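Residue strings, one per chain:
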Number of protein chains: 2
Amino acid sequence: MSALAEKPPTKYGVVVFPGFQALDVFGPVDALNNYSQTAPLEFALLAATMDPVSTKLAQPGAIGQSVVPTHTFDDCPDLEVLLVPGGVGNRDPAVRAPIVEFLKRIYPKLRFLLTVCTGSVIVAESGLLDGRRATSNKRSWDWAISQGPNVQWVRQARWVVDGNIWTSSGVSAGIDLMFAFIKDQYGEETSKRLADKAEYVRNPDSGVDPFA
Amino acid sequence: MSALAEKPPTKYGVVVFPGFQALDVFGPVDALNNYSQTAPLEFALLAATMDPVSTKLAQPGAIGQSVVPTHTFDDCPDLEVLLVPGGVGNRDPAVRAPIVEFLKRIYPKLRFLLTVCTGSVIVAESGLLDGRRATSNKRSWDWAISQGPNVQWVRQARWVVDGNIWTSSGVSAGIDLMFAFIKDQYGEETSKRLADKAEYVRNPDSGVDPFA
């Protein structure tokens, strides 16, 4: 990783699936939305089909919100950065299968792969984290690491960078991961400006993890 | 406000409009989504029409995401709590007008009205904050307070409670507001459990505002 990338990325994609965690997506993505107000970006919200995708669980009384995909996994535009969120929906093998397939296919074309929460579990299942250091949700830790026996799981970490794969801890940790990624790619000034705009106090140290 | 409300609310609504700030909505709402996994809630995403609503600004290169409303302002179900987010889309009087109209109509039926960021500006325009203490986004502070000359604006505040209206500072402050509201209505144990689940370090003191 360079302190300032020679050519910062401008093409982002985010995976969604039924039962994704809303903040895993909209924490990091809100920072990108704000960034794009001063420097152009391209963005794709990717799902198995073009139908709206809900955060809602199939559980009586559970509430959720639906988002509209812009592309399917089979119709993915050129991307430089892909973000995979978590959410208990990914416990369903039928939900994970098309994402795992997509990850195997798209990863060689990506510059960076980012995960939030149990998004790392789907990436682990794809084999892309084998032999790499990574982290995941701390509340689902035992389950998460059991899904990736060949991953060097790091428990005490707000986020972990190994090569071009950035993995974060649970839910709100994705916001810190994104501000760290923005710092790495666009510089500290931009990261601070965007965090201040969101009135967000960054956790700037990947090793500081109050939830480990 | 009581430390533990006698009958905690279960019916929530959130307003969206073109150019709303994604994290203003999905920070607080993610906590409600998680709460609903153990205790039933009802939820309405309210907009002027049933068309998908984008966070995107009409600006070249700006990116955004679209959400699907569940109800229109004219077809609003029974609500106990309404949350109004901010976002630069609300600088457009044509965007604000139907929301102001809706707020005037719905407020007498609500138990609580919550705002995030410049959501308080729309509520101020409705007159509901006249004579009340309230806060808003600190980056748009001068504009915000100019829109509500009869409001007792409080600059140094992560959030402010006056009667049954809770207003927060910018963007991520909405997460702290929601965890404070959850603490007030459902108890500290529930607030802490949900914050821990999101691996979120709460700002528990409404007067602590690093961005004032």
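Every value quoted in this text rests on a predicted model; they were computed, and no experiment measured them.

Analysis parameters
- Residues numbered from 1 in each chain as written.
- Chains lettered and ligands numbered in written order.
- Predicted model: local features only at pLDDT ≥ 70, side-chain atom pairs only at ≥ 80, totals over all residues.
- Helix = DSSP H or I, 4+ residues; strand = E, 2+ residues; numbered from the N terminus.
- Rg over C-alpha atoms; globule rule 2.2 N^0.38 Å.
- Buried ≥ 20, exposed ≤ 12 C-beta atoms within 10 Å, placed from the backbone.
- Contact = placed C-beta atoms within 7 Å.
- Nonpolar A, V, L, I, M, F, W, Y, C, P; charged D, E, K, R; others polar.
- Pairing = 2+ DSSP bridges.
- Expected span 1.5 Å × (residues − 1).
- pLDDT = per-residue confidence, 0-100.
- Axes fitted to C-alpha atoms, helices over the stretch in contact; angles between N-to-C directions.
- Least-squares fit on C-alpha atoms with pLDDT ≥ 70 in both.
- Core = buried A, V, L, I, M, F, W, Y, C linked by C-beta atoms within 7 Å.
- Right-handed = clockwise from strand over helix to strand, strands pointing away.

Participant: Break down the overall build of chain A for me, citing the residues and quoting the values.
Facilitator: In terms of regular secondary structure, chain A is built from six helices and 11 strands. Expected size for 212 residues packed as a compact globule is a radius of gyration near 17 Å; at 16 Å, chain A falls within 12% of this value. Viewed in the frame of its principal axes, chain A has a C-alpha envelope of about 45 × 35 × 35 Å. Put simply, chain A has 212 residues, and 54% of those count as buried. Considering only contacts within chain A whose residues lie at least 6 apart along the sequence, 69% involve residues at least 24 apart.

Participant: Describe the interface of chain B and chain A, listing the residues and the values that go with them.
Facilitator: Many analyses report the size of an interface as the accessible area lost when the parts associate. Across the boundary between the two partners, chain B contributes 43 residues, which contact 43 residues of chain A. Only α1 (22–35), β2 (42–47), β4 (66–67) and α6 (188–197) of chain B provide two or more residues apiece to the side of chain B that touches chain A. A breakdown of the residues in the side of chain B that touches chain A according to their chemical character gives 23 nonpolar, 14 polar and six charged.

Participant: How would you sum up the sheet that holds strand β1 (residues 11–15) of chain A? Please name residues and give values.
Facilitator: Residues and elements named next belong to chain A. Strands sit in the order β5-β2-β1-β6-β7-β11-β10 across an open sheet of seven strands; the sheet is mixed. One side of each edge strand has no neighbouring strand; the edge strands of this open sheet are β5 (71–72) and β10 (159–162). Taken together, the five bridges between β1 and strand β2 (residues 42–47) define a ladder with parallel strand orientation. Among the inter-strand pairings, Gly13 is bridged to a residue of β2, identified as Ala44.

Participant: Run through helix α5 (residues 173–186) of chain A, naming residues and quoting values.
Facilitator: All names here are of chain A. A rise of 1.5 Å per residue sets the reference length of α5, with its 14 residues, at 20 Å; its end C-alpha atoms lie 20 Å apart and thus fit the reference within 8%. α5 sits mainly inside the fold: 12 of its 14 residues count as buried. Against α1 (22–35), β7 (112–115), β10, β11 (165–168) and α6 (188–197) lie the buried residues of α5.

Participant: Mind laying out the confidence of the model for chain A, listing which residues take part and the relevant values?
Facilitator: Across chain A, the average pLDDT comes to 95, with 98% of residues at or above 70. Scored by ipTM, the complex comes to 0.96, with pTM at 0.96.

Participant: Outline the environment of Leu177 of chain A, listing residues and values.
Facilitator: Residue and element names in this part refer to chain A. Along the chain, the position of Leu177 falls in helix α5. Assessed through the 27 C-beta atoms surrounding it within 10 Å, Leu177 is described here as buried. Along the primary structure Leu177 and Thr167 are separated by 10 residues, whereas in three dimensions their C-alpha atoms are 7.8 Å apart. When residues no more than four places from it in sequence are discounted, the contact partners of Leu177 are Pro28, Leu114, Val116, Trp159, Trp166 and Ser168.

Participant: Give me the sheet that holds strand β6 (residues 81–84) of chain B: which residues, what numbers.
Facilitator: Residue and element names in this part refer to chain B. Ordered in space as β5-β2-β1-β6-β7-β11-β10, the seven strands form an open sheet in which the pairing is mixed. Looking at strand neighbours, the two that pair on one side only are β5 (71–72) and β10 (159–162), the edges of this open sheet. In terms of strand pairing, β6 meets strand β7 (residues 112–115) through four bridges, oriented parallel. Among the inter-strand pairings, Val84 is bridged to a residue of β7, identified as Thr115. The sheet strands contacting helix α5 (residues 173–186) are β7, β10 and β11 (165–168), and the helix crosses β11 at an angle near 150°.

Participant: So, the relation of the copies chain B and chain A: which residues are in play, and what are the values?
Facilitator: Rotating chain B by 180° and translating it 0.0 Å along the rotation axis places it on chain A, where the RMSD comes to 0.0 Å. Taken together, the rotation angle and the small translation identify this as a two-fold axis. Relative to the rotation axis, the C-alpha of Val67 of chain B is the closest in chain B, positioned 2.2 Å from it. The residues that chain B uses at the interface reappear at the interface of chain A in 100% of cases, marking a shared surface.

Participant: Would you mind going over unusual backbone geometry in detail, with residue names and values included?
Facilitator: Even without glycine at this site, Glu199 of chain A takes up a positive phi of about 50°. With 23 C-beta atoms packed within 10 Å, Glu199 of chain A lands in the buried category. In the Ramachandran plot, Cys117 of chain B falls in the positive-phi region, its phi being about 60° despite a non-glycine side chain. Along the chain, Cys117 of chain B falls in the loop between β7 and α3 (119–125).

Participant: Go over the nonpolar core with me, naming the residues and quoting the values.
Facilitator: Among soluble globular proteins, nonpolar side chains are generally buried collectively. Grouped together as the largest cluster of nonpolar side chains are 134 residues, with contacts concentrated most on Val14, Val16 and Leu177 of chain A together with Val14, Val16 and Leu177 of chain B. Excluding residues within four positions of it along the chain, Val16 of chain A makes contact with Val25, Leu45, Ala47, Val53, Val67 and Pro69 of chain A.

Participant: Could you give an account of the pairing of strand β6 (residues 81–84) of chain A, naming the residues involved and the relevant values?
Facilitator: Residue and element names in this part refer to chain A. Of the two faces of β6, the one lined by Val81 and Leu83 and the one lined by Leu82 and Val84 are each fully buried. As judged from the three bridges shared by β1 and β6, these two strands associate in the parallel manner. Its bridge partner lying in β6, Tyr12 is registered against Val81. Regarding topology, helix α2 (residues 93–106) serves as the crossover connection from β6 to the parallel β7, and that connection is right-handed.

Participant: Got a sec to walk through the packing of α5 of chain A against α6 of chain A? Specific residues and values, please.
Facilitator: Residue and element names in this part refer to chain A. Interhelical geometry of α5 versus α6 gives an angle of 145° and a closest axis separation of 7 Å. Where α5 approaches α6, its residues Phe179, Ile182, Lys183 and Tyr186 are matched on the opposing element by Glu188, Thr190, Ser191, Leu194 and Ala195. Classifying every residue of the contact of α5 with α6 by side-chain character gives five nonpolar, two polar and two charged.

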